[in-house]
Amino acid sequence: MNVEKMKTQLLSLADTFKDKESELTDLDRSIGDGDHGVNMERGFSHLKDNIDDKDMASLFKSTGMTLMSNIGGASGPLYGFSFVKMSSVVKDEIDKDNLKVLLKTFADAIAQRGKVELNEKTMYDVVERASEALQHDEKVTLDKLQGYADDTKDMTATKGRAAYFKEDSKGYIDPGAQSMVYILNALIGDE
């Protein structure tokens with residue numbers, strides 16, 4: 001994937017999050033503070049005015065900085081930090097091998113910044129499993145990503161705002177896991 005295509009994919013997330021805002025807000029209202037959908041929509045709506053597409057590294061870095069400045073809660077720093085980290089390993093033409101490196105970097109950044117592990121009902125559950133699948137040369141489709149998010153439904157949250165709900169957090173998809181589905185789908189594209 002080249003810079004133009006990736007820019008289009010990232011900018012399309014503004015429409016995605018506009019469409020999914022109420023879904024994410026409802027999920028977050030169930031086990032959080034109810035602002036995840038609004039935050040994600042706000043963050044990505046600012047992208048078109050702040051994106052720097054002179055090369056792929058600039059594209060990722062400007063995306064990260066924009067998300068950090070415009071998404072509230074924990075998601076802004078987590079997604080923003082991750083895009084900035086990915087900017088240091090992204091190539092100007094993302095091929096299968098570079099995509100593996102990108103997703104591993106994304107997962108590691110979330111783990112490092114969020115101090116999370118697998119099965120704690122967070123966005124990390126989606127990005128780490130997607131990264132592992134790519135490492136094993138499995139195709140990562142939107143359905144597969146959604147399956148990873150759906151798996152968080154049966155987990156008990158031990159991190160983030162949802163952790164306050166303890167056992168009552170079961171039965172809901174983690175909002176961050178759901179937003180991660182859309183972001184990864186944009187990054188992976190048609191692989």
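A quick note: this is a predicted structure, and the numbers were derived from the prediction, not measured.

Remarks on the nonpolar core
Judged by nonpolar contacts, the single largest core of 53 residues is most densely connected at Phe44, Phe60, Phe106, Ile183, Leu184 and Leu187. No other element matches helix 9 (residues 175–188), which puts nine residues into this core.

Details of helix 7 (residues 124–135)
The first and last C-alpha atoms of helix 7 sit 16 Å apart over twelve residues, in line with the 16 Å expected at 1.5 Å per residue. Tyr124, Asp125, Val126, Val127, Glu128, Arg129, Ala130, Ser131, Ala133 and Leu134 are the residues of helix 7 that are buried. Where the residues of helix 7 are buried, they touch helix 6 (96–114), helix 8 (142–151) and helix 9. Just downstream of helix 7 lies Asp137, where phi reads positive at about 60 degrees.

A look at helix 6
Along its 19 residues, helix 6 runs 27 Å from first to last C-alpha, staying within 8% of the 27 Å computed at 1.5 Å per residue. Every buried residue belonging to helix 6 is among Asn98, Leu99, Lys100, Leu102, Leu103, Thr105, Phe106, Ala107, Ala109, Ile110 and Ala111, and all of these are buried. Of the residues that open helix 6, the one with a side-chain oxygen 3.2 Å from the backbone nitrogen of Asp97 is Asp95. The first or second residue beyond helix 6 is Lys115, which carries a positive phi of 50 degrees.

Here's the deal with the layout of surface pockets
A probe matching the size of a water molecule, rolled over the atoms, marks out where space remains unfilled. Of the volumes computed, that of the largest pocket is approximately 540 Å³. If you trace the largest pocket, you find 27 residues lining it, with Ala74, Ser75, Leu78, Gly160 and Arg161 closest to the centre. With three residues, helix 5 (residues 75–87) is the largest single contributor of residues to the lining of the largest pocket.

A word on the side chain of Asn39
Mapped onto the elements of the fold, Asn39 is located in helix 2 (residues 36–45). Owing to a relative accessible area of 6%, Asn39 belongs among the buried residues under this scheme. In this structure, Asn39 is in contact with Asn70, Ile71, Gly72 and Gly73, ignoring residues within four places of it in sequence.

Examining unusual backbone geometry
Notably, Asp137 is not glycine yet its phi reads approximately 60 degrees, a positive angle. By secondary structure assignment, the location of Asp137 is in the loop between helix 7 and helix 8. You will see that Lys166, though not glycine, has its phi angle at about 45 degrees, which is positive. One can find Lys166 in the loop between helix 8 and helix 9.

Digging into a negative patch on the surface
A cluster of acidic residues, Asp92, Glu93, Asp95 and Asp97, forms a negative patch at the surface. Relative to the helices and strands, Glu93 resides in the loop between helix 5 and helix 6. When its relative accessible area of 48% is taken as the criterion, Glu93 is described as partly exposed.

Details of the packing of helix 5 against helix 6
Relative placement of two packed helices is described by the angle separating their axes and the distance separating the axes. In contact at an axis separation of 9 Å, helix 5 and helix 6 are set at 140 degrees when each is read in the N-to-C sense. It follows that helix 5 is oblique to helix 6 by the angle criterion. The two elements helix 5 and helix 6 cross, and the hand of that crossing is right-handed. Residues Pro77, Leu78, Tyr79, Phe81, Ser82, Lys85 and Met86 of helix 5 pack against Leu102, Thr105, Phe106, Ala109, Ile110, Gln112, Arg113 and Gly114 of helix 6. For the contact of helix 5 with helix 6, the residue count by class is nine nonpolar, four polar and two charged.

Focus on the packing of aromatic side chains
Centre distance and the angle of the planes are the two values used to describe a pair of aromatic rings. Scanning all chains against the criterion turns up five aromatic pairs. Ring geometry for Phe60 against Phe83: centres 5.6 Å apart, planes inclined by 40 degrees, an arrangement best described as tilted. Of the two residues, Phe60 is situated in helix 4 (residues 56–70) and Phe83 in helix 5; the sequence distance between them amounts to 23 residues. Like Phe83, Phe60 is buried. Pairing Tyr79 with Phe106 gives two aromatic rings, centres 6.4 Å apart and planes at 70 degrees, and the pair type is edge-to-face. Taken together, the residues span a long stretch of sequence, with Tyr79 in helix 5 and Phe106 in helix 6 at a distance of 27 residues. The burial state of Tyr79 is the same as that of Phe106; both residues are buried. Here Arg113 stacks its cationic end above the ring of Phe81, 5.0 Å away from the centre of that ring.

Basis of the calculations
Residues numbered from 1 in each chain as written. Predicted model: local features only at pLDDT ≥ 70, side-chain atom pairs only at ≥ 80, totals over all residues. Heavy atoms only, no water. Core = buried A, V, L, I, M, F, W, Y, C linked by side-chain atoms within 4.5 Å. Buried < 20%, exposed > 50% of the residue type's maximum accessible area, 1.4 Å probe, protein only. Helix = DSSP H or I, 4+ residues; strand = E, 2+ residues; numbered from the N terminus. Expected span 1.5 Å × (residues − 1). Contact = heavy atoms within 4.5 Å. Polar contact = N/O pair within 3.5 Å; in protein donor to acceptor, adjacent residues only side chain to side chain. 1 Å grid on protein atoms, 1.4 Å probe; cavity = no way out; pocket = protein on both sides within 12 Å on 5 of 7 lines; lining within 4 Å. Points joined across faces, edges and corners; volume = space filled by probe spheres on them. Patch = residues over 30% accessible without salt bridge, like charges linked within 9 Å, V, L, I, M, F, W, Y side chains within 5 Å. Areas by Shrake-Rupley, 256 points an atom, 1.4 Å probe, with all protein chains shown as cover. Salt bridge = Lys/Arg side-chain N within 4 Å of Asp/Glu carboxyl O. Lys, Arg positive; Asp, Glu negative; His and termini not counted. Charge placed at Lys NZ, Arg CZ, Asp CG, Glu CD. Axes fitted to C-alpha atoms, helices over the stretch in contact; angles between N-to-C directions. Parallel < 35°, antiparallel > 145°, perpendicular 65-115°, else oblique. Left-handed = near helix turned anticlockwise from the far one by under 90°. Nonpolar A, V, L, I, M, F, W, Y, C, P; charged D, E, K, R; others polar. Phe/Tyr/Trp six-rings, centres within 6.5 Å; stacked < 30°, edge-to-face > 60°. Lys NZ or Arg CZ within 6 Å of the ring centre and 35° of its normal.

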